[in-house]
Amino acid sequence: MTALASADPDGRPAPVGATELRRFMRRWATGAAVVTSGTAAEPVGCTVNALTSVSLDPPLLLISLERNSRTLAGLLRHGSFGVNVLAWRHRRLAAQFAAAGDRFAGVDYRLVHDVPVLEGSASVAVCRVERTVPVADHVLVLGSPRWCHREEDAEPVVLLEGDYGTAGPGGA
C-alpha cells in the first residue's frame, strides 16, 4: 500500500498537502459541469466538479468557486448562475471552460432567466444566489434553483483519475 501522508519526527501524521489531496480526490468519481453567469454580451463561466445538492426542502445547490474567479465576480454581480452538467458529446467543454481565453468561443448558448445556459447539456439548473461562504481560497455559493431542464438521451460526463468517461443508468 502506498502511504498518502508521511509522519513528522514525533510519529504524528504530517498535514496533507495539495499534491496528496489531489491524488486522493482523483479516486473520487465526479461529474463535470460548467457554471455560467453574466450577460449575453459578456458571459462568464468555468468548469467545476464541486457541485452538490444541499437540501430538497427548500431546494438548494452548492458550488465552490475560486475566490479570484471572474465567474464568481459575474455571479455575485448578477445574483444568479447556471449549472450545466456536461453531456458526453460536449466533454471537450470541460477543458475549454477550465482554460484561459474566450471560454464561450464556438459554444452555443441561450439565455434562461437572463443566465447563459449551454445548449446540449445533460441537465441544467438556473439558480438565484442565496448565500455565499468564504472558505480558504474558495467561496461556497448556495443557490436556489429557479428552472431545471434534463435531456433524457444525454449521457453525463464522469471524471475519474483525470480521464473522462460516462456512466449511464445501467452503469459502466
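Below is a summary of the structure that appears in this document. (Residues numbered from 1 in each chain as written. Predicted model: local features only at pLDDT ≥ 70, side-chain atom pairs only at ≥ 80, totals over all residues. Heavy atoms only, no water.)

Overview of the overall build of the chain
A count of helices and strands for the chain gives 3 helices and 12 strands. Its C-alpha atoms give the chain principal-axis dimensions of roughly 55 × 40 × 35 Å. In the chain, the share of contacts with a sequence separation of at least 24, taken over all contacts with a separation of at least 6, comes to 59%. With 17 positive and 18 negative side-chain charges, the chain shows a separation of 2 Å between the mean positions of the two kinds. (Helix = DSSP H or I, 4+ residues; strand = E, 2+ residues; numbered from the N terminus. Contact = heavy atoms within 4.5 Å. Lys, Arg positive; Asp, Glu negative; His and termini not counted. Charge placed at Lys NZ, Arg CZ, Asp CG, Glu CD.)

A word on unusual backbone geometry
A negative phi holds for most residues other than glycine; trans holds for most peptide bonds. The residue after Asp57, namely Pro58, is reached through a cis peptide bond having omega 5 degrees. Its place among the elements puts Pro58 in the loop between strand S4 (51-56) and strand S5 (59-66). The backbone of His113 shows a phi angle near 50 degrees, a positive value even though the residue is not glycine. When you line up the elements, His113 lands in the loop between strand S7 (109-112) and strand S8 (115-118). The class of His113 is exposed, set by a relative accessible area of 53%. Residue Glu161 is not a glycine yet carries a positive backbone phi of 55 degrees. Tracing the chain through its elements places Glu161 in the loop between strand S11 (157-160) and strand S12 (163-166). (Buried < 20%, exposed > 50% of the residue type's maximum accessible area, 1.4 Å probe, protein only.)

As for the pairing of strand S2 (residues 33-38)
Strand residues, when the strand is regular, have side chains that alternate between the two faces of the sheet. Of all 6 residues making up S2, 6 are buried, and the element is well covered by its neighbours. Taking every second residue as pointing to the same face, both faces of S2 are buried, with Ala33, Val35 and Ser37 on one and Val34, Thr36 and Gly38 on the other. Note: S2 against strand S3 (residues 43-48), 6 bridges, orientation antiparallel. Along S3, the bridge assignment pairs Val35 with Cys46. With antiparallel pairing between neighbouring strands as the criterion, S2 and S3 make up a hairpin whose turn holds 4 residues. In this structure, S2 lies alongside strand S6 (residues 80-85), joined through 4 bridges in antiparallel fashion. (Pairing = 2+ DSSP bridges.)

A look at helix H2 (residues 70-78)
Buried within H2 we find Thr71, Leu72, Gly74 and Leu75. Buried residues of H2 fall within an arc of 165 degrees about the axis and therefore sit on the same side. Facing away from the buried side of H2 by more than 90 degrees, the exposed set consists of Arg70 and Arg77. For H2, the elements touching its buried residues are S2, S3, S5, S6, strand S9 (123-135) and strand S10 (138-150). Two or three places before Thr71, at the opening of H2, Ser69 has a side-chain oxygen 3.0 Å from that residue's backbone nitrogen. Residue Gly79 follows H2 closely and has a positive phi angle near 75 degrees. (Arc of directions from axis to C-beta. Polar contact = N/O pair within 3.5 Å; in protein donor to acceptor, adjacent residues only side chain to side chain.)

A short note on the nonpolar core
Ile63, Leu65, Leu75, Phe81 and Val141 are the most contacted members of the largest nonpolar core, which totals 15 residues. Of all the secondary structure elements, the ones that give two or more residues to this core are S2, S3, S5, H2, S6, S9 and S10. Here this core takes 3 residues from S5, the largest share from any one element. Apart from residues no more than four positions distant in its own chain, Leu75 is found in contact with Val35, Ser37, Ile63, Leu65, Ser80, Phe81, Val129 and Val141. Counting 10 residues, the second-largest nonpolar core is a separate cluster that includes Leu86, Phe104, Leu118 and Val157. (Core = buried A, V, L, I, M, F, W, Y, C linked by side-chain atoms within 4.5 Å.)

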